[in-house]
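Observations on the three-dimensional arrangement
Residues per chain, in single letters:
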Amino acid sequence: MRDIVIFALGASTVGTVFLVSLIELLFTVRRRKSHMALEAKIKELKNTYNESVNKLVIEDEGKLQETEKKVEALSGEATSAREEVTIQYEEKLKKLQEETEKELEHAKAHAKKLEHEAKQKAEEYLASRQSEVEHDLMDLVISVTKKIIPESLTYEVHKELVLEALRDVKSEDPHHE
Amino acid sequence: MTTTDFITNVLDGFYRAEQVDLLHVALTNLLEMVSAGEIDIYLEQHEKTAAQKKAFIQKIVSDVESPELKKALEERLKENDLEFFRERNLGGVLAAVQRVAETIQIVKLRVAVSFKEKDLQDMVKQLEEQLGTEVALELSVERSLLGGAIVQFGTAIRDYSIKSRLETVRETWKAAVVEA
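Cut-offs and rules
- Residues numbered from 1 in each chain as written.
- Chains lettered and ligands numbered in written order.
- Predicted model: local features only at pLDDT ≥ 70, side-chain atom pairs only at ≥ 80, totals over all residues.
- Helix = DSSP H or I, 4+ residues; strand = E, 2+ residues; numbered from the N terminus.
- Buried ≥ 20, exposed ≤ 12 C-beta atoms within 10 Å, placed from the backbone.
- Contact = placed C-beta atoms within 7 Å.
- Pairing = 2+ DSSP bridges.
- Axes fitted to C-alpha atoms, helices over the stretch in contact; angles between N-to-C directions.
- pLDDT = per-residue confidence, 0-100.
- Parallel < 35°, antiparallel > 145°, perpendicular 65-115°, else oblique.
- Left-handed = near helix turned anticlockwise from the far one by under 90°.
- Nonpolar A, V, L, I, M, F, W, Y, C, P; charged D, E, K, R; others polar.
- Core = buried A, V, L, I, M, F, W, Y, C linked by C-beta atoms within 7 Å.
- Right-handed = clockwise from strand over helix to strand, strands pointing away.

Along its length, chain A carries two helices and zero strands. Looking at chain A as a whole, 3% of its 177 residues qualify as buried.

To continue, consider the overall build of chain B. For chain B, the count of helices and strands is eight helices and four strands. When the helices and strands of chain B are read in sequence order from the N terminus, they spell out α-α-α-α-α-α-β-α-β-β-β-α. Of all 180 residues assigned to chain B, the portion counted as buried reaches 28%. In chain B, the proportion of contacts linking residues at least 24 apart, taken out of those at least 6 apart, comes to 70%.

Quick look at the sheet that holds strand β1 (residues 105-111) of chain B now. Within a sheet, neighbouring strands are paired by backbone hydrogen bonds and run either parallel or antiparallel to one another. Residues and elements named next belong to chain B. Spatially, four strands are ordered β2-β1-β3-β4 in an open sheet, and the strand pairing comes out mixed. Of all the strands in the sheet, just β2 (135-141) and β4 (156-159) have a single pairing partner and so form its edges. Looking at each pair of strands side by side, their axes are set apart by 15° on average, direction ignored. Bridging between β1 and strand β3 (residues 149-153) involves five bridges; their strand directions are antiparallel. Its bridge partner lying in β3, K108 is registered against Q152. In the packing of helix α2 (residues 17-35) onto the sheet, the strands contacted are β1 and β2, and the crossing angle to β2 comes to about 125°. The sheet contacts of helix α7 (residues 117-131) involve β1, β2 and β3, and relative to β2 the element is tilted by about 130°.

Here the focus is the confidence of the model for chain B. Scored by pLDDT, chain B has a mean of 89; 98% of the residues are at 70 or more. Predicted as a complex, the structure gets a pTM of 0.58 and an ipTM equal to 0.79.

It is worth spelling out the packing of helix α1 (residues 3-11) of chain B against helix α6 (residues 87-102) of chain B at this point. Residues and elements named next belong to chain B. Look at α1 against α6: their axes get within 10 Å of each other, and the N-to-C directions meet at 50°. When the interaxial angle is binned, α1 and α6 end up oblique. Viewed along their axes, α1 and α6 form a crossing whose handedness is right-handed. Here T3, F6, I7, V10 and L11 of α1 lie close against α6, whose contacting residues are G92, V93, A96, V97 and V100. Here the contact of α1 with α6 is composed, by residue class, of eight nonpolar, two polar and no charged.

Our next topic: the interface of chain A and chain B. Each partner contributes to the interface: chain A provides 25 residues, whereas chain B provides 26 residues. Among the elements of the structure, α1 (2-152) and α2 (155-172) of chain A are those that each provide at least two residues to the side of chain A that touches chain B. Tallying contributions element by element places α2 of chain A first for the side of chain A that touches chain B, with 13 residues.

A few words now on the nonpolar core. Side chains that are nonpolar tend, in soluble globular proteins, to be buried together. By size, the foremost hydrophobic cluster in this structure holds 47 residues, and its most contacted members are A149 and V151 of chain B. Among the elements that take part in this core, α2 of chain B stands out by supplying six residues, more than any other. In contact with V151 of chain B, not counting residues within four places along its chain, are A165, L166 and V169 of chain A together with V107, L109, R158 and Y160 of chain B.

Time to look at the packing of α1 of chain B against helix α5 (residues 67-78) of chain B. For any two helices packed against each other, one specifies the inter-axial angle together with the distance between the axes. Residues and elements named next belong to chain B. The N-to-C vectors of α1 and α5 enclose an angle of 135°; their axes lie 8 Å apart at closest approach. Of the possible angle classes, the one that applies to α1 and α5 is oblique. The crossing of α1 and α5 is right-handed. Across the interface between the two elements, F6, N9 and V10 of α1 pack against E68, L69 and A72 of α5. Broken down by class, the residue content of the contact of α1 with α5 amounts to four nonpolar, one polar and one charged.

All names here are of chain B. Where β1 lies against β2, seven bridges are found, and the strand directions are parallel. Paired with L109 across the strands is L139, a residue of β2. With α7 bridging β1 and the parallel β2, this β-α-β connection has right-handed handedness.

This brings us to unusual backbone geometry. Residue and element names in this part refer to chain B. Residues other than glycine seldom take positive phi values, yet N80 does so here, at roughly 60°. With respect to the helices, strands and loops of the structure, N80 is situated in the loop between α5 and α6. Judged by local crowding, N80 falls into the exposed class, with 11 C-beta atoms found within 10 Å. Positive phi, normally seen in glycine, also occurs at L146, with a value near 75°. Here L146 is to be found in the loop between β2 and β3. On the basis of neighbour counts, which here come to 23 C-beta atoms within 10 Å, the residue L146 falls in the buried class.

Below, the structure is given as structure tokens:
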């Protein structure tokens, strides 16, 4: 009995393992099929995606090239315009600099002329005032001297001055030896 | 007294032009009278006494315009030398005095102050030494000269006044400083 039980137990265990294995196998097959179907689907989608992407890329590349061409054209125009503007700017700048230098030279010359004229006028005025002062100074000295002399000369000095003058008479008379 | 002494006596102390002018006037008048023989005629009148003759001459002498000539003539009259006053004597003497008087150089002297007579004589002596001739001064006082003198003899004028010197200083100053 025991052997029967052990046999029954063994047979049930083997049957169970077999059943489980069979089920496992079944599931594995199904899983593989599903996996393969999934992979196929994925592959298909991937292809579709790649095609779409490639298409888009090609379209974009065309647009990009076109845009690049436009950009290049615009860039060329911009460069040309820039060069022209630069040339015009430089010309205007140069002209402006020349005009400025010319104006500056003119202003300097004018300023120098004004300075010279002002200096000359100042010198003339100074000379004129100096001349007046010197003239007035001597007039003043003579005037004061004329007032002082009569008061300061004594009778004897007057007499000596006359005698001195008379002593000179001889030397100034060419007919007398 | 010789003619020379008389001339010296008359002209000694002459230093003013006014004296010379008066002498010329006196000599001219007296020479006219002498030349006309007025004195000789009177002196030859025998009825006239010596005193009358002397009084007559005294009258003539007193009318002489020149004090110096008058004084010299009065001295001769004091000596009672009436013969001196005859035309042949006095005429010659007066002519000689006139000739000498004409040689007197008149010097015009303009000064700033009045001088004493003695000092004027000193100035005349100085001028006589310088010019080598008799000199008489025609003096004028101009205060504006301040000092010194302006001397004019003949055609020459010499300005030694202080006023002139100051003007020279002023002109020199102007030329050197103001107008330079």
